[in-house]
Amino acid sequence: MRSVPGLAKLDRVGDRGAEPSIPQHLIPLNDPRRRLRDKACMNAPFALPHALRDLARRSVPRYTSYPTAPHFTSAVTAEVHAEWLRRVARAGSPVSLYLHIPFCRTICNYCGCTTKASLRDEPIRAYAAVLHHEIALLAAHLGRAEVSRIHWGGGTPNILPPDCFEAIVRDLGDRFAFRPDMEHAVELDPRHVTPEGARALASLGVNRASLGVQTLDPAVQAAIGRVQPLPTVRAAFESLRSAGIEAINADLMYGLPFQDDDSVAATAELMLSLAPSRFAIFGYAHVPWMKTHQRLVDEAALPGPEERLSQAAVARRILEGGGYVEIGMDHFAHPDDPLSVAQAGGRLRRNFQGYTDDDAETLVGIGASSISRMPWGYAQNAADVPGWRRAIEEGRFAIARGKAFDGQDAMRADAIEAVLCRFEVDLAAVAARHSAPVSVFDEDVRRLRHFVNAGWVDVDGSRVSIRVHRHEIARLVASEFDAYLGHGGKHSVAV
């Protein structure tokens, strides 16, 4: 098993609380604790049925939306988007806002986001200026809508100059009604978090931060072009907490080049010592046909499907052992965290950020490439910044494509969301909510027979439940309710 030079690994032999955590590199090679620990790792493989190994090679969507983005078309226009916004305003419904900042100082090799490198602030300031015009355009259609959530993504949102970030938040506050309990979240690159920056975020009402940690393995960090040692990550946590931002999420990844079970386990255990509010564990999606910079990733060093499944299982065991509640397929939270409460109450939802307890039916995207979700469908802004800018400066929405719900779209979206949030779905209840007969799902249920025959899925009347291998097959089970799958679009592997 490959060793990871310089990476502290906690002693996992015996009772976790029996003795202090010991950095692996400080344990002599002939020390019994090292031999016992290595033996424990090697003797605890992930039991992977042959049939599941084959299924894990299938490519299926992540289902942060349904229908998924490959099926968006130009049929959804700026005019359609404007009409949907007016309907939201007439209904007086609360909205969530997502702001996309498509800039980073450098591009990480693994990145799947819509972003570009900028070493200068001028292009970022110019982009921020156009955001103000888009916010004004939205307010003209939505009125003073109540806002339940704000989420900043990218890219690197904290690349915005502080005065630009503050001006945008003030503009939003002037034009919309922030709910007193509004969650204001921002995705952060730990390498760019400073004490001054954290205090500035807190002063503007930011109360949740997501730190892109990915891995603490130096060899893997070098392979993905994102070097951020543990002290850098720890300093980001300390800066945020000192500023009063206590709700901190940590994003980790498996399936990266040169990762193995030991590497993933060491990162997970070290991150437990920082006590984030939540974890998200994402599988690396290698899609070089979409993200050409991923061609820099050594494909020969990528873990295979069985290794990816094992790495995910290792991380899951460690985080659950650390007291975190499993949320859906790949999130974890403290028992009293709002996500855990929402899951226990059957209110867990799925959106473009993964899992959420947000109850707003409308998510409005702001910025290049951002996607809006409304009760009538999806609308996506132009991904290229110049095209987005031209449309906004001409006083029109920059919608390039989208998907209006038709036929069974909304109903199937409900079924897929239930599978991914609860690992079960009552198809009769879903059909009834959409005034449809449950028989519309008959063919989908028949396609589940290989899961049923394997003993992994139960079908009891109209109720479908995943019994075992829930995390590994949830997307595969959900895909059986996808009427578009196989009709265009390429996706990452299922695990």
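Description of the structure in this document. (Residues numbered from 1 in each chain as written. Predicted model: local features only at pLDDT ≥ 70, side-chain atom pairs only at ≥ 80, totals over all residues. Heavy atoms only, no water.)

With that out of the way, let us pick up the overall build of the protein chain. From N to C terminus, the protein chain includes 17 helices and 19 strands. The burial tally for the protein chain puts 54% of its 495 residues in the buried class. A sequence separation of at least 24 residues applies to 71% of the contacts in the protein chain between residues at least 6 apart. As presented, the protein chain carries roughly 20,400 Å² of accessible surface, and 53% of it is formed by carbon and sulfur atoms. (Helix = DSSP H or I, 4+ residues; strand = E, 2+ residues; numbered from the N terminus. Buried < 20%, exposed > 50% of the residue type's maximum accessible area, 1.4 Å probe, protein only. Contact = heavy atoms within 4.5 Å. Areas by Shrake-Rupley, 256 points an atom, 1.4 Å probe, with all protein chains shown as cover.)

Across the sheet, which stays open at both edges, the three strands sit in the order 17-19-18 with antiparallel pairing between neighbours. Only two strands of the sheet have a single partner each, and these edge strands are strand 17 (424–426) and strand 18 (457–460). Across this sheet, the average inter-strand angle for adjacent strands is 10 degrees, counted without regard to direction. As paired elements, strand 18 and strand 19 (residues 463–466) share four bridges and run antiparallel to each other. Within the sheet, the bridge partner assigned to D458 lies in strand 19 and is S465. Packed onto the sheet, helix 13 (residues 409–422) meets strand 17 and strand 19 and runs at close to 140 degrees relative to strand 17. The strands touched by helix 17 (residues 470–479) within the sheet are strand 18 and strand 19, with strand 19 carrying the most contacts at an inclination of about 140 degrees. (Pairing = 2+ DSSP bridges. Axes fitted to C-alpha atoms, helices over the stretch in contact; angles between N-to-C directions.)

This paragraph deals with the pairing of strand 15 (residues 377–381). Burial analysis of strand 15 places five of its five residues in the buried class, which makes it a mostly covered element. Here strand 15 shows two buried faces, one formed by G377, A379 and N381 and the other by Y378 and Q380. In terms of strand pairing, strand 14 (residues 371–374) meets strand 15 through four bridges, oriented antiparallel. Paired with M374 across the strands is G377, a residue of strand 15. Here strand 14 hands over to strand 15 after two residues, the two strands then running antiparallel side by side. Two strands pair when backbone bridges link them, and strand 15 and strand 16 (residues 399–404) are joined in this way by five bridges, in the antiparallel orientation. Counterpart to G377 in the pairing with strand 16 is A404.

Another point: the state of the cysteines. Two cysteines form a disulfide when their sulfur atoms are joined by a covalent bond. Counted by the stated rule, this structure contains zero disulfides. Looking at C104, it has no disulfide partner, and the nearest cysteine sulfur is the one in C111, 6.1 Å off. When its relative accessible area of 10% is taken as the criterion, C104 is described as buried. (Disulfide = S-S within 2.5 Å.)

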